[in-house]
Amino acid sequence: SSILPREAQISAVPLVPMAVSAGHIRPRVGGELPFRLAFSGYSGHLRVEPLPSVMRDSALSSLPDLILPPALPPEIPESIKQSIEREYFVPALDHEEDKVEHCGKYWDFEWFGEGPSFSEPSLPRLAIVPVWEPPFRRGKTQQQSVATSKDFFQISEDKPGSQEIAIWIPKFEEVEVMHYNEAAHNSSSVLRRPGAPEDFVRGSTSNHPFRPGGFAHSLGSEKYVPDGAVNGAWLCEVLKGGPLQTIPPGFKQGLDLGAPEPFLRSWREGLDSYCAEKLREESFHEELDLDPIHFDDLFKKAWEQDELLDEASDRAMESEVVKNEKFDKPEESWREADVSIFEEILSDVKEGKHLIDIDEQVDKLKNDEVWPVMGGNEAIVEQFSELVPDMALDFPFELDSFQKEAIYHLERSESVFVAAHTSAGKTVVAEYAFALAAKHCTRAVYTSPIKAISNQKYRDFSSRFDVGILTGDVSLRPEASCLIMTTEILRSMLYKGADIIRDIEWVIFDEVHYVNDVERGVIWEEVIIMLPDHVNMVLLSATVPNTYEFADWIGRTKRKKIYVTGTTQRPVPLEHCLYYQGELYNICDHEIFLPQGVKAAKDALNLKNSFKVVSGPGRSSGPSLGRGGSSGHGHGRTSGKGTFNQWSKVSGQGGTASISQYGGLGGWRSETTQWYLLINKLSNKGLLPAVVFCFSKNRCDKSADSLMASDLTTKSEKSEIRVFCDKAFSRLKGSDRHLPQVVRVRDLLHRGIGVHHAGLLPIVKEVVEMLFCRGAIKILFSTETFAMGVNAPARTVAFHSLRKHDGKTFRELLPGEYTQMAGRAGRRGLDKVGTVVIMCWDDIPEEGDLKRLLTGKPTKLESQFRLTYNMILSLLRVEDLKVEDMLKRSFAEFHAQRALPEQQQQLQKGEGELSQMQSYIDCILGEPTIEGYYELVIEAEKLGNQIQAAVMKSRAAQQALSPGRIVVVRSCLLPVPTFGVILRGPTSNVKCWIALAISRGLDPSILSSSFHNPNSTTKSEEGYFISRKSNRGLEDEYSVLGRRPRKSSGIINVTLPYFGTAGGTGYVVLEVETKEFVSICKARIQVDTVRLLEDVSTAAYSQTIQQLLQLEKEYSDQEPPYLDPIKDLKLNDLEIVEQYGKQQALLAEIAKNQCHRCPKLLEHYSLAKNHHTLKDKVRQLKFELSDAALQQMPDFQQRIEVLQEVGCIDADLTVQLKGRVACEINSGDELIATQCLFDNQLVDLDPAEAVALLSALVFQTKEATEPLLTPHLETARERLMMTAIHIGEVQARYGLQINPVDYANDVLKFGLVEVVYEWAKGTPFADICELTNVPEGSIVRTIARLDETCREFKNAARIIGDSTLYQKMDDASNAIKRDIVFAASLYVTGLSST
């Protein structure tokens, strides 16, 4: 053995020679170390094996531990023969061509020996595939009845068992083959590989959204084809004798085949116009997604008829026998043959023999541009049973016409928009979509704006369909074929690319008119835009006036037809009444307004007021039933003269008003009496049950509590109510069953009185809703959410007032809101007429206001689209989608986007005119300075528009504008500043000055248009009279020839504008308005206005022009001096004086310009102006067609800068880790929540404190008592508040209209921090309700949303990699999920289990 050197002994890993054997490596080291290195299995890893203390070499030690089998099988004659045949006799591709350096593709190979490689041909871009249709959609025309014969079954027709076989012959279509990129995980195609199973329903932020319908395919998944290869430009160049393209699309290098043989001239001449037309239509085809003409098909027939060309060339060659004969005739024959073939080809194209007729395609696509299709097709209704013979769902009643139309289109997989009144039967369409999804083995999604509708629809649909539900806190049976969810959940699934989206065939949007909601309407637009192309839509809405417009937007966005149907007829007609002093006055019946009812109610009011007057002030001879009690507590209204607004202000105070506002206790007792009278009236007329809409939670509670002596239920109904409540509330904990709200509502329900508003506990609201649907509740006081969230019609609907608070201010009800709530009156199949009652307390609304409310048009659907940071980040992380695409497709941009094709045509026309317009103007002075001159004039005009009004208001300026004053004017006749003189000033009849100005080369078009100026006050056939002034001075009329001037008669005998020439210089007499004065000069000349305007003396005009020319000659390089703005015009505004000086400096530059006195000034100026105007028009059209013209583009740019500032994205708009975290936050402000996470503000908080602090992001009620917080929570609160103010300052710094402090106070509300903290600590619900004035329902809603917030923070912690925060959020979620807050919904679980 060898001895290690000293250095190797010191080293931790000695470098020693090794003895290598087949199975192990044994190091030879000094002292025979007791270990060896060996290979471990087939993987080849090294392992250390202990050895005996002394190991001697032997014959056995040299054998390997593991003997591997031979790599190749043993050679036998058969294998040798097969290898020879495979190498020399079997055809195979050249393997050298498959190498990487040759074809650029990496092939998979085996590690232990290279296996055989097989070349894979590239996939074709297009393929012909059969169009499969399910059996129930195969029409009779697609089937062929074939009698059984010996080709099928040897059975004769007369034998028993003979039959006919229906053969379905499918259609075929050309489809594009999927690109390999579409199967990638980061692809937006629905054909990509599925993600993780746990993200199948909810999706993940690591997924890309599926490509929305109507969006262009991503460039990353398509082969790039140059425009020249598509539109035929390359072929046109070849036909004109140009070179061939040498590099195919997608190749780095190509093959040069040399110059082609030139085509005949006749071909080129015929194709010039065709190619030019084709290129002009390119943008139009792109807009319509029309496939361009394939020139291969166009010339296919010509190539097939090469023989004709060969024969023509042979005949031409035979003609060469004649010596010295020119080839005119043969060439002519070639040309004729060419032209005939070319015309035949084009005629075949027009006739559709080889291609689809282009004109027909364009016409068809133009018709397809009308995306909404209005219903009312009687043929569908009449032949419905034949069109839909096998319905997916049978109904036990006869369908209405609009229902049949909708079902017919659903069978054809077409989207529908159903607009009808409440209870008209829109749900039938949704049920049929569910049935179709079950029949097709696909999925259908039902979305609703609020969770209450989702829960109720789950109960309604569960008995007939396979239904699941997905809300913020409930996920039940997500694998079902029919899913019910809120719109927010569907939006989240779309952004996160949930794989379940692939299976969805139908999405049903209920209550589409909710798109008008300011806060949440944007969600509906996002969902509609983001839905993939394979998803069809069913939109259910109340009647709205712009249904067609909204359907047009959806159709254009999704590039598919939207079939609009519905009805304006109510299933149960309504009658509207005024209730006053115990009587009902009918004011509208079957949508016909009855003014006599309003008059009768006003007569009753006048009679009551007159009776009060007779009784005298301070006395009351009878009970006063109006609000306000006895006299002295009234509201001071005059009888019969109260307006709608005055009446509404009293009756619409809502719950914010105290009892004293209604006349003290006496006033409240009078309202209670009114309720008793109304209930008795409705009960006697058989108009119960009734819903009373009060636009305040406090008003609902007080109105219900005031009916303590009212009992409206029978014994059997009381028993039913008691049993139902016992079952429902038995799922609550012992202490929760005795909550004050539960006890109070149970007592009301026992007497047939109900209350329904957002302040109730969810389980209490559900009990009220279910009992009302059963008919056990006779009178229900509710807010307007009952009209949207619950499908529970009543016999009667009453309005406590016609005024509501919309979250910002008090206002009157809109006709659409009134119609939505009034539609709850009338139960289909039970009532012939529904009754609507308007309560009148102290006054009667005006007739006009009532008529507008009852018969007015509903509120239009309007876009509430706005950008959010979450939306921007969700789209920026996907390369295939852009935020600009989302903005373009919003309903707010609908009208602008619809006008784009027309604007594109205008742009092409403008660019064509601009290219043909002569940009260079040949100036006779030798220097083309008209462009600079034009810019000076425009700049001077802008300054003049700013200061001219202020200058002309000066009294000194008015006095200076007397006859003979030299001025500079600019008008439509004289577009450049022009030298002139005042002839007459304004009078009582004529408000303009009359001036004479020098005109150099007026444009004839201007002259012709000026004679027909509609604004001119002068008639062309007769003059007009100017009144004389009694004290007219001599300075008003100067004598030209030194003679004594005559007095003016006030008549002008020239037609204005009057053009003339004197001494070769043109002039014009025109009217000048105040705004047309450019400047007033100090100089004056003598003018004889009588001879100029009345006598029309040529000598007078010549003399005046000579004076003007002489004055112009004196100031050859400038205008005459102008009046000083301070000394002469008496201007005292320093800014106006400064602008005036700049204007005069510009005028001096204009006067120095050589063009100013050019004889062709106006002609050249007109050309320059037209050129600039057209350029500005083209520039404006380009701007309108660009993304920069989008309404919210400035807001988008500002928000992008904010996201870059806070670190969510980088300079390249790449989403960073912080941005990915912000994408997870949906329940609160994403920027504040993300910053809170990255600042580690939750690290020093325990789970209860953390979830309590997060409640500030979720809680929305403004009026809440100030919480008492622990010092730890108080510090965390101040820290979070400072973060919000900082975020607000960043947004304000980049231009967003935000006040940082107001923004922080609006986003963060700490009213329930103490309540949530105590709840997470285990405090009973009854005790935490004592800590705040917030209603119990709002507390439950906030804590329930906090569970979703905790889940979002858990996902954010997983992205960051913070396991501690993940566990903390999980513990916080478990701490708040207990007892009454998370009690299961009665709609979801039912009562059978209790």
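You'll find the structure just up there.
This write-up is about the structure you can find in this document. Since this is a predicted model, take the numbers as computed values, not measurements.

## Focus: the nonpolar core
And then number 1: Ranked by size, the top nonpolar core spans 225 residues in total, and within it F509, F550, L578, F799, L1242, L1308 and F1325 carry the most contacts.
And then number 2: Apart from residues lying up to four places away in sequence, F1325 is in contact with D736, L739, L761, W1319, E1336, I1339, V1340, I1380 and V1381.
And then number 3: Listed in part, the 69 residues of the second largest apolar core include A960, A1083, V1087 and C1158.

## Description of the packing of helix α15 (residues 401-411) against helix α16 (residues 427-440)
And then number 1: Where α15 meets α16, the axes come as close as 10 Å, and the angle between the chain directions of the two elements is 25°. Considered as vectors, α15 and α16 are oriented roughly parallel to each other. Here the hand of the crossing between α15 and α16 comes out right-handed. The segment α15 lies against α16, with Q403, A406, I407, L410 and E411 engaging V428, V429, Y432, A433 and L436.
And then number 2: Classifying every residue of the contact of α15 with α16 gives eight nonpolar, one polar and one charged.

## Section: the pattern of salt bridges
And then number 1: Counted according to the given criterion, the structure contains 45 salt bridges.
And then number 2: A salt bridge links E414 to R412; the shortest N-O distance between them is 3.2 Å.
And then number 3: On the basis of relative accessibility, which here comes to 14%, the residue E414 falls in the buried class.
And then number 4: R744 is the salt-bridge partner of D701, the closest N and O atoms lying 3.5 Å from each other. Note that D701 is positioned in helix α24 (residues 697-705) and R744 in helix α26 (residues 740-750), a separation of 43 residues in sequence.

## Focus: the environment of A600
And then number 1: By secondary structure assignment, the location of A600 is in helix α21 (residues 595-615).
And then number 2: You can call A600 partly exposed: its relative accessible area is 29%.
And then number 3: As a C-alpha pair, A600 and L578 span 22 residues in sequence and 10.0 Å in three-dimensional space.

## Side note on unusual backbone geometry
Residues other than glycine predominantly adopt negative phi, and peptide bonds predominantly adopt the trans conformation.
And then number 1: For the bond from L688 to P689, the omega torsion is 5°, close enough to zero to count as cis.
And then number 2: Looking at where P689 falls in the secondary structure, it is placed in the loop between α23 (664-684) and β21 (690-693).
And then number 3: In the segment running from L1056 into P1057, the intervening peptide bond is cis, with an omega of 0°.
And then number 4: Considering the arrangement of structural elements, one finds P1057 in the loop between α37 (1004-1010) and β31 (1058-1062).
And then number 5: Although it is not a glycine, S423 sits at a positive phi angle of roughly 65°.

What counts, and where the lines are drawn
- Here, residues in each chain are numbered from 1, in the same order as that chain's written sequence.
- Under the rules for a predicted model, residues below a pLDDT of 70 receive no local features and side-chain atom pairs below 80 are neither given nor counted, while totals for whole chains, interfaces and linings still include all residues.
- Calculation of side-chain values draws on the structure's entire complement of heavy atoms; hydrogens and water are dropped beforehand.
- What is meant by a nonpolar core is a set of buried Ala, Val, Leu, Ile, Met, Phe, Trp, Tyr and Cys residues, joined one to another through side-chain atoms within 4.5 Å.
- Throughout this description, buried means an accessible area under 20% of the type-specific maximum (1.4 Å probe, protein chains only), exposed means over 50%, and partly exposed covers the range between.
- Throughout, a contact is declared for two residues whenever any of their heavy atoms are within 4.5 Å.
- Axis lines are fitted to C-alpha atoms, over the contacting stretch for helices. Their N-to-C directions set the angle, which ranges from 0 to 180 degrees.
- Counting from the N terminus, the helices are DSSP H or I runs at least four residues long and the strands are E runs at least two residues long.
- Put simply, angles under 35 degrees are roughly parallel, angles over 145 are roughly antiparallel, angles from 65 to 115 are roughly perpendicular, and the rest are oblique.
- Note: crossing handedness is left-handed where the near helix turns anticlockwise from the far helix by less than a right angle, and right-handed where it turns clockwise.
- Note that Gly is not counted as nonpolar here; it falls among the polar residues with everything else outside the nonpolar set of Ala, Val, Leu, Ile, Met, Phe, Trp, Tyr, Cys and Pro and the charged set of Asp, Glu, Lys and Arg.
- For this document, the term salt bridge refers to a Lys or Arg side-chain nitrogen within 4 Å of an Asp or Glu carboxyl oxygen.

Limitation: the analysis is restricted to geometry and does not speak to function.
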